[in-house]
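For reference, the chains in residue letters:
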Amino acid sequence: MDWHLLGLSFITVFLSELGDKSQLAAIALSGRCNSPRAVFFGAAGALLLTSLLGALAGGAVAELLPTRLLKAIAAVGFAILAARLLLFNNEPSADSEQTP
């Protein structure tokens, strides 16, 4: 096993996942209760279940569609998201803001 690659992958994913919405939800839940261990096990179980469902669904879809087509669909989807983020202004205009 390439331990350097394992460590690099872990650090990259760990840093990219800091502050995502599931982590913020876990922080909010653990702040309101006296059992952070229960929040940890609940969040970890939910992450494992969603990962399992994703792997099972991915395996089923991979049997129906060729890998090249799946990669093309994913690439087009990400390109559409990137174009929307770069080209379209999502900030509200001054006319659409409500005044109290």
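As shown above, the structure is provided for reference.
Residues numbered from 1 in each chain as written. Predicted model: local features only at pLDDT ≥ 70, side-chain atom pairs only at ≥ 80, totals over all residues. Heavy atoms only, no water.

S.K.: I tried to follow the overall build of the chain on my own but got confused; where do I start?
M.R.: A count of helices and strands for the chain gives four helices and zero strands. Shown N-terminal to C-terminal, the secondary structure of the chain runs as helices and strands in the order α-α-α-α. Classification of the 100 residues of the chain by burial places 2% in the buried group. As displayed, the chain has an accessible area near 9,100 Å², and 70% of this comes from carbon and sulfur atoms. (Helix = DSSP H or I, 4+ residues; strand = E, 2+ residues; numbered from the N terminus. Buried < 20%, exposed > 50% of the residue type's maximum accessible area, 1.4 Å probe, protein only. Areas by Shrake-Rupley, 256 points an atom, 1.4 Å probe, with all protein chains shown as cover.)

S.K.: Please clarify how the environment of Ser-22 should be interpreted in this entry.
M.R.: Tracing the backbone through its elements, the reader meets Ser-22 in helix α2 (residues 21–32). Along the chain, Ser-22 and Leu-47 lie 25 residues apart, while their C-alpha atoms are 9.0 Å from each other.

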